[in-house]
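# Examining the three-dimensional arrangement
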Amino acid sequence: QEYLDFRKERSRMLLSRRNQLLLEFSFWNEPLPRQGPNIYELRTYKLKPGTMIEWGNNWARAIKYRQENQEAVGGFFSQIGELYVVHHLWAYKDLQSREETRNAAWRKRGWDENVYYTGEWDPLPSAWTPCRGPPALTSLSFPFPVPLIRTMESRIMIPLKISPLQ
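Note that the coordinates shown come from a computational prediction; the quantities given were computed from them, not determined experimentally.

Reading the values: rules and limits
- Residues numbered from 1 in each chain as written.
- Predicted model: local features only at pLDDT ≥ 70, side-chain atom pairs only at ≥ 80, totals over all residues.
- Heavy atoms only, no water.
- Salt bridge = Lys/Arg side-chain N within 4 Å of Asp/Glu carboxyl O.
- Helix = DSSP H or I, 4+ residues; strand = E, 2+ residues; numbered from the N terminus.
- Buried < 20%, exposed > 50% of the residue type's maximum accessible area, 1.4 Å probe, protein only.
- Contact = heavy atoms within 4.5 Å.
- Polar contact = N/O pair within 3.5 Å; in protein donor to acceptor, adjacent residues only side chain to side chain.
- Arc of directions from axis to C-beta.
- 1 Å grid on protein atoms, 1.4 Å probe; cavity = no way out; pocket = protein on both sides within 12 Å on 5 of 7 lines; lining within 4 Å.
- Points joined across faces, edges and corners; volume = space filled by probe spheres on them.
- Nonpolar A, V, L, I, M, F, W, Y, C, P; charged D, E, K, R; others polar.

Next up on the list: the pattern of salt bridges. Counting across every chain of the model gives 7 salt bridges. A salt bridge links Glu-41 to Arg-98, with the nearest nitrogen and oxygen atoms 3.0 Å apart. Here Arg-98 lies in helix α3 (residues 95-106) and Glu-41 lies in strand β2 (residues 39-47), a separation of 57 residues in the sequence. Looking at Glu-41, the relative accessible area reads 0%, which means it is buried.

Below, the structure is given as structure tokens:
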């Protein structure tokens, strides 16, 4: 009875729910426990159908440019649920180190050649068109041709004390 009461109460608060079964890209590091404090950025990309292999091939080459600072936590793609969805999880000490690390990656020859094509880049703010989404999240669509991406979201997360990722 307690569980049924909980479910009834939860249904009053829950607006929607979506589930995905994710698989890890073989070229990413396996997520391991980390000492903190860190913030985490979860970048979610909804790809155009039929582009997952091409995405994986580009990122398999590009990820080596982001592994020296250990900020690459994990890369996953949907297997069940909404398909053609990719999640990248990055760790940073703070928002300033996030900006510095991302800017440094763009100065490395090779990063731009592999990632620019997939659409994962930071153009001038006027080139982005905001989409509707929760206020705590950045959701973007691309008003110009990007070969692989339909939409993306970026979330900054702070781990709970019980998380192995600190």
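There is more to say after this.
Relative to the helices and strands, Thr-101 is located in helix α3. For the pair Thr-101 and Glu-71, spaced 30 residues apart in sequence, the C-alpha separation works out to 8.6 Å. Excluding anything up to four places from it in sequence, Thr-101 contacts Arg-66, Asn-69, Glu-71 and Tyr-92. Of the polar contacts made by the side chain of Thr-101, one reaches the backbone oxygen of Ser-97; its length is 2.7 Å.

The complete set of buried residues in helix α2 (residues 52-62) reads Met-52, Trp-55, Gly-56, Asn-58, Trp-59 and Ala-62. All buried residues of α2 lie within an arc of 165° about the axis, which places them on one face of the element.

Empty pockets left among the atoms are what a rolling probe the size of a water molecule brings to light. A complete count under the given rule lists 1 cavity of 30 Å³ or more for this structure. When its volume is computed, the largest cavity comes out at roughly 40 Å³. Considering the residues around the largest cavity, the lining is formed by Tyr-65, Arg-66, Glu-68, Asn-69, Glu-71, Thr-101, Ala-104, Ala-105 and Lys-108. Classifying every residue of the lining of the largest cavity by side-chain character gives 3 nonpolar, 2 polar and 4 charged.

Function-wise, these values are silent; they only describe arrangement.
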